[in-house]
Every structure is written in structure tokens, then in C-alpha cells.
Amino acid sequence: MNQTMHIRVQPPSPSLLLPRASFCAQRICPCYRVQMESTCNSNQLKTSPVTRLSSGWSKTHSICPELQPRKCSSQMGALVTSRAEEVPTLPVIGDERIGVLLLNLGGPETLEDVQPFLFNLFADPAEELRKALWAKNVPAKVYVGMRYWHPFTEEAILQIKRDKITKLVVLPLYPQFSISTSGSSLRLLESLFREDEYLMNMQHTVIPSWYQRGGYIKAMADLIEKELQKFDCPEEVMIFFSAHGVPLAYVEEAGDPYKAEMEECIDLIMEELENRRITNAYTLAYQSRVGPVEWLKPYTDETIIELGQKGFKSLLAVPISFVSEHIETLEEIDVEYKELALKSGIQKWGRVPALGCEPTFIADLADAVIESLPYVGAMAVSNLEARQSLVPLGSVEELLAAYDSQRRELPPPVIVWEWGWTKSAETWNGRAAMLAVLVLLVLEVTTGEGFLHQWGILPLFR
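Cut-offs applied
- Residues numbered from 1 in each chain as written.
- Predicted model: local features only at pLDDT ≥ 70, side-chain atom pairs only at ≥ 80, totals over all residues.
- Heavy atoms only, no water.
- Helix = DSSP H or I, 4+ residues; strand = E, 2+ residues; numbered from the N terminus.
- Buried < 20%, exposed > 50% of the residue type's maximum accessible area, 1.4 Å probe, protein only.
- Areas by Shrake-Rupley, 256 points an atom, 1.4 Å probe, with all protein chains shown as cover.
- Axes fitted to C-alpha atoms, helices over the stretch in contact; angles between N-to-C directions.
- Parallel < 35°, antiparallel > 145°, perpendicular 65-115°, else oblique.
- Left-handed = near helix turned anticlockwise from the far one by under 90°.
- Contact = heavy atoms within 4.5 Å.
- Nonpolar A, V, L, I, M, F, W, Y, C, P; charged D, E, K, R; others polar.
- Core = buried A, V, L, I, M, F, W, Y, C linked by side-chain atoms within 4.5 Å.
- Phe/Tyr/Trp six-rings, centres within 6.5 Å; stacked < 30°, edge-to-face > 60°.
- Lys NZ or Arg CZ within 6 Å of the ring centre and 35° of its normal.
- Patch = residues over 30% accessible without salt bridge, like charges linked within 9 Å, V, L, I, M, F, W, Y side chains within 5 Å.
- Salt bridge = Lys/Arg side-chain N within 4 Å of Asp/Glu carboxyl O.

Turning our eyes to something else, we now look at the overall build of the protein chain. The helix and strand tally for the protein chain stands at 13 helices and 14 strands. Counting only residues that meet the buried cut, the protein chain has 54% of its 462 residues in that class. In the structure as shown, the protein chain presents an accessible area of about 21,900 Å², 56% of it carried by carbon and sulfur atoms.

So, on to the packing of helix H3 (residues 182–194) against helix H11 (residues 396–403). Look at H3 against H11: their axes get within 10 Å of each other, and the N-to-C directions meet at 130°. Here H3 is positioned oblique relative to H11, judged by the angle of their axes. Crossing hand, H3 versus H11: left-handed. Here H3 contributes Gly183, Leu186, Arg187, Leu189, Glu190 and Phe193 to the contact with H11, which in turn contributes Val396, Glu397, Leu399 and Leu400. Residues belonging to the contact of H3 with H11 are distributed by class as follows: 6 nonpolar, 1 polar and 3 charged.

On to the nonpolar core. Val100, Leu133, Leu186, Tyr216, Ile224, Phe241 and Ile320 are the most contacted members of the largest nonpolar core, which has 89 residues in total. Apart from the residues within four sequence positions on either side, Leu186 is in contact with Leu103, Val170, Phe177, Val206, Val396, Leu399 and Leu400. Formed by 11 residues, the second largest nonpolar core is a distinct cluster that contains Met238, Ile333, Tyr337 and Ile346.

Another aspect to go through is the packing of aromatic side chains. Under the counting rule described, the total for this entry stands at 5 aromatic pairs. Measuring from centroid to centroid gives 5.4 Å for Trp210 and Tyr216, while their planes differ by 85°, and the two rings are edge-to-face. For the residue pair Trp210 and Tyr216, the accessibility class agrees, reading buried in each case. One aromatic cluster is present, built from ring pairs that chain together Trp210, Tyr216 and Phe361. Of note, Arg289 hangs over the ring of Tyr299, and the distance from its end group to the ring centre comes to 3.8 Å.

This next bit is on a nonpolar patch on the surface. The grouping of Leu435, Leu438, Val439, Leu441, Val442, Leu443 and Val445 at the surface amounts to a nonpolar patch, some 610 Å² of accessible area in total. Along the chain, the position of Leu443 falls in helix H12 (residues 423–447). Overall, the relative accessible area of 45% leaves Leu443 in the partly exposed class.

With that settled, the discussion passes to the environment of Gln347. With respect to the secondary-structure elements, Gln347 resides in the loop between helix H9 (327–343) and strand S14 (348–351). Take Gln347: its relative accessible area is 56%, and that puts it in the exposed class. With 34 residues separating them in the primary sequence, Gln347 and Lys313 have C-alpha atoms 5.1 Å apart. If sequence neighbours within four positions are ignored, Gln347 has contacts with Lys313 and Leu342.

Time to look at the packing of helix H8 (residues 300–309) against H9. Two numbers describe how H8 lies on H9: the axes approach to 8 Å, and their chain directions differ by 25°. In this view, H8 runs roughly parallel relative to H9, as classed from their interaxial angle. Where H8 crosses over H9, the two elements pack in a sense that is right-handed. Across the interface between the two elements, Thr300, Asp301, Ile304 and Ile305 of H8 pack against Tyr337, Leu340 and Ala341 of H9.

Here we come to the pattern of salt bridges. According to the stated counting rule, one finds 20 salt bridges in the structure shown. Of the charged contacts, one joins Glu371 and Arg213 as a salt bridge, the two residues approaching to 3.1 Å between their closest N and O atoms. Of this pair, Glu371 sits in helix H10 (residues 359–372) while Arg213 sits in the loop between strand S10 (203–206) and helix H5 (214–228), and the two are 158 residues apart along the sequence. Residue Lys310 pairs with Glu306 through a salt bridge whose shortest N-O separation is 3.1 Å. Take Glu306: its relative accessible area is 25%, and that puts it in the partly exposed class. Among the ionic contacts, a cluster of salt bridges with common partners joins Lys218, Asp222, Glu225, Glu272 and Arg276.

Shown next, in the form of C-alpha cells:
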């Protein structure tokens, strides 16, 4: 077994939103409470065994029990609210109008029914977050802005302006920060803010990552524990965390904290499971790589094959960087990786569903928003105060200046016609082969030489 070292951060205790007057003694950050007079304590270190593996499920997991496809036009509204009778007035606290902008990548249109499905993936969690905030006496409006599909971020911003929002909390729906995911969405926001006087004057803050929050960790552990019980011998199951990959150069050259946050996140989840007397072996691999450049390793597909060769028979895949079902979970994990695992000797295959509308998760996101409100429009807090994560709370400009200053070219969204052993890839590989045959046939006919002439299929020219 390989040995990997993870930095252990103590999970946060429940915190309450403090009035501004008390901030001189104690400040609240989105994930951790930090005493001003405290000194830096040494982080606990833990060495954990790591194997290699991956997983998927033939079943499609429902995001929410009530999730049903709804008809939507191509210009879907970016605003997510409940029915009119449930929201009688625009959320106002004093003279402030609070808004929460949820960011995600979305996906390209393929079939007619994909569009409303993609919308519902994020609309339902957003609606549940709005309800949770109102239940906690924070009457905020929640908006969805996707990078590559409706409702686009630009559409959400237009609605935010129409609603005259004065304080905005930007919450990327990625537990871990990366310049290729959160950074991509923040780049777009940066350009929109610079071009619009209203947005320049609107106070905002960004919660860049929240992988270490107690509610998120508990929700993930709950889902893993539930799926383990579906195996005949739960204690023999390898827990396989499959994360979306990023180009290696982002981490090694640009300082992207994604890999470090991912490893710390898994360490915290496993600690929570160990507290429940669940001590299964576990591993981490990265999926969804595209293009010729090197991405974070180990790769999910190679890891699956390796685990099969090592004799592992039961795998439970955990899509650790996805909070909603998407092509990477429903197709890549549930279909392609599951098929690969069964061919590689894996006999029992399971997959943990995405968090979606899981109540503990939604309640924790609401707490993260509430705890960030005192910092809306304020200067970024110092490292001592904001050491709740590797990427501290800040504004769009501050975060990009610190973590995306080189503005590297970002990888494209995942496409379904990439090369590899997938159903879609086989189609394109077949087309390429047919094109090659056609080219060879043309050369045979025009030159009068080649295998077909030598085999007597075509007459030789003298």
C-alpha cells in the first residue's frame, strides 16, 4: 500500500452570526471560528493507506425526491424563487436587498429533454437553499448562473440588477476551489463587474470553497454509510473517491489549491466515518481529462484496472467534486467506469449519489451564506482570521489576483466525442476509420497501385 500524508483540520463548531460590534473580540468566517488572540496551532497529521479505484452505478440517482422534469423555454429565467404566495416581498433587511448567486458550469445541449433536466439539477437545490435561508430569518433571493448553459451567468446578473440587489454572496457550487471551475466563473463575473457601474457599486463577497464545513462532511459521510450497507460485506468494500481532474500545470505552476483541498476533504470525510467505526480502505483518483496535456494522477480508468488486478471485488464510487448529477456521474461513472470495472474483475459495484437536496447539506450551505454576510463589501480578512480553508473569503478581484493571476487558458467543458473506449468515442473512431479507408481507395484508383490491385480485386494497369 502507498502512504499519503493529509493535513488534518479540526472540524468547526456551530457558530452564530455575531453583530458587527463584537468583531473586535471574535470574527466569524464561512467555515471556522477564529479567535483574534489565538496563536497558530500545529495541524494534526494523519497517515492513511491509499489504494487505487473508481466506481459507478447502473441506476440513475434522483437529485431530490420531488425532482420532476419541467418544460422550459430556451431562455430559462436565471432567478430561482418559490411560488409568489410564498415570497410576498423582495428580501430586504433594513435598506439592504440580499441576493445569493450560485455558480456552476452547466453543460451543452444534446437532446430536447436535456435542457429542462439541466435546469432542474440546479433549480431544486437553489430553491431548497432559499427556503433554508428564509427559515433562518434571512429573506434572500437565490439565483442560478451557469457558465456554459442556461440560465447563463449573464442572465442571472440581469435579474439581480432588476431586483436591485445591494448585497450579493457569490457561492460556487464546487466544494473545492480550482481556477478551472470556480476561477472560470469568477473570470466571467470580473468582466461583467468591470463593464457595469451598478455591479461595481454593489457590495459582494465570494465563498470560494466549503469542503471542510461540518455539515458538508457529515452529509457526505451519511451517503457513503448508507450505500455501504447495500453490499453483502460492507467492511470489505473499497471506498473510491473520483474527483474531476485538472491539468497538472495548474497545480504545479499556477498554484491551484484544488489538489490540496481535495486531499484534505477526503481526510475529513474518512475521519468522520472512522468516528462511526467505519474503517474501510479508500483511495482517490481523477476523471474527465481531455486533450493531450498531463492531468492530475492517478487517473480513474487506470486505477480501476489496477484495483481489479490487485484482487479487489467490491468498489463504492464517491463522486467527490460533484454536488449535482451530471454527465460525469450519469454517463462517465455509471456507464463507462462501471463497465470497465466489471471487465477488470470487480464483481460488486456501487455509487454514492450526488448531494443534491440532502437536508444537512442544504442547511450547511445556508449557514455558510449567513456567516459570510458581515464580510460583504468588506476588505478580505487576514490569513490568521480566515484560515478556515486554503482559499480565504474574499472578493472576485482579490481571489483572481491571488489564485489566477496568470489567466491560463482553461480546459473546455467536457465533450462527449473525445477519444477513448467510450460509446461515443467508438462512433467517432469508426468514422475516422471509414474516412481512412475511403482515402486509401481513392489512392488505389488514381495510382493503379496498392493492396487491392495486388490481391486481384482491382485490375493492374500496365
